[in-house]
Amino acid sequence: MGKLHSLTLKIHRYDPEQKKSWVQEYEINVGGMLRFTDVLRKINQEQDSGLAWISSCEHAQCGSCGVVVNGKPLLMCELLVQNAVKQFKTTTFTLKPLSIAPVLRDLIVDLEKAYERVHKAKPYVIKLADPSPEGDEHRIPPRIMEHYVEATRCINCFCCAEACISSHRHFLGPNAMLVNIVRLFDPKEAAKKERLDILYADNGVARCHTSEACSFVCPKQIDVAHFIALAKEGKF
Amino acid sequence: MNKLRINSVLKKDVLIIGAGGAGLRTAIEILAGKPDTTIVAVTKVSSPQKSHTTTAQGGFAAVNPKDPIDKPIYHMFDTWKGSDCSSDQNVIKKIIDSAWEQTLWLDNHGLHFTRNEEGRFSKRTFGGHTLEFGEGPSAFRAVFEADRTGKGIMDTVWGESLKGNVSFINQSIATELIFKDERCIGAIIFEETRGQFTAVLAKATVISTGGLGQVYKITTNCRQNTGDGLALVLREGLPVMDLEAVQFHPTGIVGPGILASEALRGEGGFLLNKNMERFMEQYAPKMKDLAPRDMVSRSIETEIREGRGVINPDHNLPHVWLDIRHLSDYVHDVKLQEITGFFKKFAGIDPKKNLCPVRPTVHYQMGGIPTNEFGEAQKSADKIVPGLYAVGESASASFQGFNRLGTNSLLELFTMGKFVGDRVSEYLRDADDPGDLPKDAGEKSISLFSKYFEAKGSENLWKIREIMRELMTEKVGVFRNEKLLNEAINQLMDLKERSIHIKLSSSSLIMNQELVDRWELDNLLDVATVIAHGAINRKESRGAHTREDYPERKMDYNYHTLAYMQEYGKVALGKRSIDMSIFEEKNRDYKHFDFVARKY
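Source: prediction; values computed, not measured. (Residues numbered from 1 in each chain as written. Chains lettered and ligands numbered in written order. Predicted model: local features only at pLDDT ≥ 70, side-chain atom pairs only at ≥ 80, totals over all residues.)

In terms of helices and strands, chain B carries 16 helices and 20 strands. Against the compact-globule benchmark of 25 Å for 600 residues, chain B has a radius of gyration of 23 Å, which places it among compact chains. Principal-axis analysis of the C-alpha atoms gives chain B an extent of 65 × 55 × 45 Å. Here chain B, with 600 residues, has 61% of them falling under the buried criterion. (Helix = DSSP H or I, 4+ residues; strand = E, 2+ residues; numbered from the N terminus. Rg over C-alpha atoms; globule rule 2.2 N^0.38 Å. Buried ≥ 20, exposed ≤ 12 C-beta atoms within 10 Å, placed from the backbone.)

As structure tokens, this is what we get:
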């Protein structure tokens, strides 16, 4: 085994039945290669089976396990203990649920609520430009796709929305913008006017203050701010 | 404690349990035929976009019928041979004949396929895919979206279902099917976020709950893949099929078991043992590193057993190396961007400079709820359950037989999704309204949950789960034998007994993860037991099911295993024959569709 780390976790908890919030401290010794999801599982197994959190794929492809660790929104599944200790220069970590949606219990927020904003950006082809040639695929040169394919990697973990300095109430959010921007680039999408309406609506890109916090925290390393900047300029 | 009861009743035309790629493709097809059909889809995750489909990497096989080199019949042969001659040929034909058309459907609904310089689909090769009935070279047959093809499919079907107004009940589980006479008329759903039971009455019910990877210690499967749909039908006295056929993917990233796609080898990567030997040459002289997954997994395990594996002191897991250092920066940075990122993030390794540690990891169940080629769930080899359908990894039609070729799972889920959708649409035309909720509906769920809450004792839920996962890995893993399987069956009986004494720490119903984990443990134990019984009964080696004590495939076992288990541990086994229709039609190439020898 590699080196063991003695961690102190301060976890923000919430009980929906008592409507009670508190911070609970856990001390735990863990190997450096464990992910934070593994650490919480270990707490469930050894100390507190009632501590609630969620995850799914646990390799940063689904975006279910976003939380705020020492102020930074991130995916717990890809935060290795040894990296966390190095990155945050401490062995004490405060874990808070994301603030982009109401908390259901402990670290679990109502992602369904958060997703409503993504739905407003219409995550699909609204109207197909032209069907593919009979029996064949669309011809789309790679250099056209290069403009937007990076933005399709977004997994809607809402880390960018959490970090964004614009208000959640007024801005659909960086990830919702990406959904829209992808289809503005995509030659298969015919409904460009509707897309532009979403983009330039009152809750659209004009709300962005260009803090670039989205790019800074994106677990997929997508340069979200770059796409939003392109959108502001109308460069599609 | 809160009183448990059915809190509400919901009526819809169609209930879909499991909103991944297969379930939602089914929904979209139903809506394409009749847009005002009311559909509700239940998912365990917080949004359908989080489903496990989204983690599939490499691509899916689809032969353009106009292709001058490749032919659908070659793909059919590869699938048949890859399955170790135990998939159903009517299903093979149906799926592969529609593969190209359904690929274009995805293209027309917005999937961002990776393209070549001409702007057409790029293609890559995968294990076991060949030209000219295995006589020719590897076939470049798989289309893809970089190394996130599953995400492309998930985003497409999720988007289309939003467009079509499918309603979703997220973060919920199906705990019981509802029947009227013989017909399935819906299910009892436990909504975790509200802590309530809802009875959904539907004319048709589709199960698409995905896999069972969490039965094993190291798996590529997400946390939600606990065999729920299989346990659900087992408890209703319905069968599951071929559960002993569990696929071990040869290249899981050592440690977390995250999938490192076969595309890494398709793009030119190869395996090395401790002595830096390309050992696959010994086991599959022709296909080498691109032999089918079961063979590569066995080869890696054999290398490790014979002392040619590598041990990393950090986690003590023996493994071999995957070498992709020689691949171009374009492949590393663009075509395989996600996976090379996983090595960096989770193993601290730069695959451009370092060898990558990999070992077999549980990846896929070939078996599932038995269905016919239309996805109608079966209660026996020749009888269906009216109103009940199954599709995707939780179903077995059977396209995969005893070993699935890489790229054939995504292909199966959206083609079968379409076919099941068509069948459901047909059924809905004359289907009666399910009427009122039957009096006894929900009783089973309420009694099960009450038992969980009332249990007293000092057993630890997580410990039992870990013991199960370890014993399944050691005794019902890549290599199996009579002695180990017997031990496994006995231990599983013991674990079930111990599970009765698990006390939950909270009696809350709202977002109580421990409660769901407790329910999952029962599902896991159920499917684990059925896997072990299927494996001990099948005294032969076929595809992913390898018996050290019976190393050859046997004609006597040319059938699918049907397994019933209404009471824990009491497994009744039956048979379903293998469809040989391509062979029996006696067309030009029929001889390749006999029980052919499996050499690569």
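Secondary structure assignment for chain A yields nine helices and seven strands. Referenced to the eigenvectors of the C-alpha coordinate spread, the extents of chain A come out at roughly 60 × 40 × 35 Å. Counting across all 236 residues of chain A, residues that qualify as buried make up 51%. Considering only residue pairs separated by 6 or more positions, chain A has 65% of its internal contacts joining residues 24 or more positions apart. (Contact = placed C-beta atoms within 7 Å.)

Moving on to the interface of chain A and chain B. Accessible area lost when the parts come together is the quantity often used to give the size of an interface. With 48 residues of chain A in contact, the opposing surface of chain B contributes 50 residues. The dominant element in the side of chain A that touches chain B, judged by the number of residues it contributes, is helix α3 (residues 111–120) of chain A, at four residues. Class assignment of the residues belonging to the side of chain A that touches chain B gives a composition of 21 nonpolar, 17 polar and 10 charged. (Nonpolar A, V, L, I, M, F, W, Y, C, P; charged D, E, K, R; others polar.)

The omega torsion of the bond from A397 of chain B to S398 of chain B falls at 15°, within 30 degrees of zero and hence cis. Following the sequence through the fold, S398 of chain B ends up in the loop between β18 (395–396) and α11 (408–430). Even without being a glycine, K19 of chain A presents a positive backbone phi close to 50°. Take K19 of chain A: it is sitting in the loop between β1 (4–15) and β2 (20–31).

Here the focus is the domain arrangement of chain B. Residues and elements named next belong to chain B. Taken domain by domain, chain B comprises domain 1 (250–360) and domain 2 (443–558). Spacing between the C-alpha centres of domain 1 and domain 2 amounts to 30 Å. Listed by partner, the interface residues are five residues for domain 1 and five residues for domain 2. Looking at the side of domain 1 that touches domain 2 element by element, the count peaks at four residues for helix α8 (residues 293–305). (Domains from an automatic or database assignment.)

Residues and elements named next belong to chain B. A sheet is described by the order of its strands in space; here three strands give the open sequence β9-β19-β20, paired in antiparallel fashion. Strands with a single pairing partner mark the edges of an open sheet, and in this sheet they are β9 (240–241) and β20 (572–577). Here six bridges tie strand β19 (residues 559–564) to β20, and the two strands are oriented antiparallel to one another. Counterpart to Y564 in the pairing with β20 is A572. Here helix α15 (residues 513–537) sits on the sheet and contacts β9, β19 and β20; the angle it forms with β19, its principal contact strand, is near 140°. (Pairing = 2+ DSSP bridges. Axes fitted to C-alpha atoms, helices over the stretch in contact; angles between N-to-C directions.)

All names here are of chain A. Assigned domains within chain A: domain 1 (4–109) and domain 2 (111–131 + 140–233). Taken over C-alpha atoms, the centre of domain 1 sits 28 Å from the centre of domain 2. Listed as interface residues are 17 residues of domain 1 and, on the opposing side, 14 residues of domain 2. For the side of domain 1 that touches domain 2, the secondary-structure elements that each account for two or more residues are β3 (66–69) and β4 (72–75). Tallying contributions element by element places β4 first for the side of domain 1 that touches domain 2, with four residues. For the side of domain 1 that touches domain 2, the per-class residue count stands at 11 nonpolar, four polar and two charged.

We now examine the sheet that holds β4 of chain A. Residues and elements named next belong to chain A. With respect to topology, five strands assemble into an open sheet ordered β2-β1-β5-β3-β4, the strand pairing being mixed. What marks the edges here is a single partner per strand, and that holds for β2 and β4. Across the sheet, the mean angle separating the axes of adjacent strands is 30° when strand polarity is ignored. Alignment of β1 against strand β5 (residues 92–96), held across four bridges, turns out to be parallel.

The next thing to look at is the packing of helix α1 (residues 21–33) of chain B against helix α4 (residues 149–163) of chain B. Residue and element names in this part refer to chain B. α4 packs onto α1 with a crossing angle of 40° between their chain directions and a minimal axis gap of 9 Å. The element α1 and its partner α4 pack so that their crossing is left-handed. Here G21, L24, R25, A27 and I28 of α1 lie close against α4, whose contacting residues are I153, M154, V157, W158, E160 and S161. (Left-handed = near helix turned anticlockwise from the far one by under 90°.)

Next up on the list: the environment of N116 of chain B. With respect to the secondary-structure elements, N116 of chain B resides in the loop between α3 (89–108) and β4 (142–143). For the pair N116 of chain B and T361 of chain B, spaced 245 residues apart in sequence, the C-alpha separation works out to 32 Å.

Residues and elements named next belong to chain B. I16, A41, V206, V527, A528, I531 and A532 are the most contacted members of the largest nonpolar core, which totals 142 residues. If you tally residues by element for this core, the top one is α15, at 12 residues. Ignoring sequence-local partners within four residues, the contact set of V206 consists of V14, I16, I17, G23, T26, Y389, V391, V420 and V424. (Core = buried A, V, L, I, M, F, W, Y, C linked by C-beta atoms within 7 Å.)

This part takes up the pairing of strand β7 (residues 183–191) of chain B. Residue and element names in this part refer to chain B. Counting buried residues in β7 gives seven out of nine residues, a clear majority hidden from the surface. Sheet topology note: the strand β6 (residues 172–180)/β7 ladder contains seven bridges and is antiparallel. When the bridges of β7 are listed, A174 appears paired with I189. Counting the residues that bridge the hairpin from β6 to β7 gives two residues, and of these D181 lies at a positive phi of roughly 55°. Across six bridges, β7 lies against strand β8 (residues 196–207) in antiparallel orientation. If you follow G186 over to β8, its bridge partner there is L201. Taking the residues between adjacent antiparallel strands as the criterion, β7 and β8 are bridged by four residues, where G195 takes a positive phi near 65°.

Moving on, we get to helix α6 (residues 174–185) of chain A. Residues and elements named next belong to chain A. Between its first and last C-alpha atoms α6 spans 16 Å; for 12 residues at 1.5 Å apiece the expected length is 16 Å, and the two agree. Counting buried positions along α6 yields 12 of 12 residues, so the element is predominantly enclosed. Listed as buried for α6 are P174, N175, A176, M177, L178, V179, N180, I181, V182, R183, L184 and F185. Turning to α6, the residues buried within the fold contact α3, α5 (159–163), α7 (192–199), α8 (213–217) and α9 (224–233). (Expected span 1.5 Å × (residues − 1).)

All names here are of chain B. Judged by how many residues are buried, helix α5 (residues 228–235) sits mostly within the fold: eight of eight residues are covered. Every buried residue belonging to α5 is among D228, G229, L230, A231, L232, V233, L234 and R235, and all of these are buried. Among the structural elements, β1 (6–17), β6, β8, β9, β15 (369–370) and α15 are those in contact with the buried residues of α5. Among the residues trailing α5, G237 stands out with phi positive, at a value near 85°.

Residue and element names in this part refer to chain A. Two elements in contact, α6 and α7, have axes separated by 10 Å at closest approach and are oriented at 150°. One way to sum up the angle between α6 and α7 is to call them roughly antiparallel. Considering the relative orientation of α6 and α7, their crossing is left-handed. Contacts between α6 and α7 involve N180, R183 and L184 on the former and, on the latter, K192, R195, I198 and L199. (Parallel < 35°, antiparallel > 145°, perpendicular 65-115°, else oblique.)

Glancing now at the environment of H545 of chain B. Within the fold, H545 of chain B resides in the loop between α15 and β19. Sequence separation between H545 of chain B and D67 of chain B is 478 residues, and the spatial gap between their C-alpha atoms is 35 Å.

Time to look at the environment of Y200 of chain A. All names here are of chain A. With respect to the secondary-structure elements, Y200 resides in the loop between α7 and α8. You can call Y200 partly exposed: it has 13 C-beta atoms within 10 Å. Placed 156 residues apart in sequence, Y200 and N44 show a C-alpha to C-alpha distance of 46 Å. If we ignore the near neighbours within four places in the chain, the residues touching Y200 are V205 and A206.

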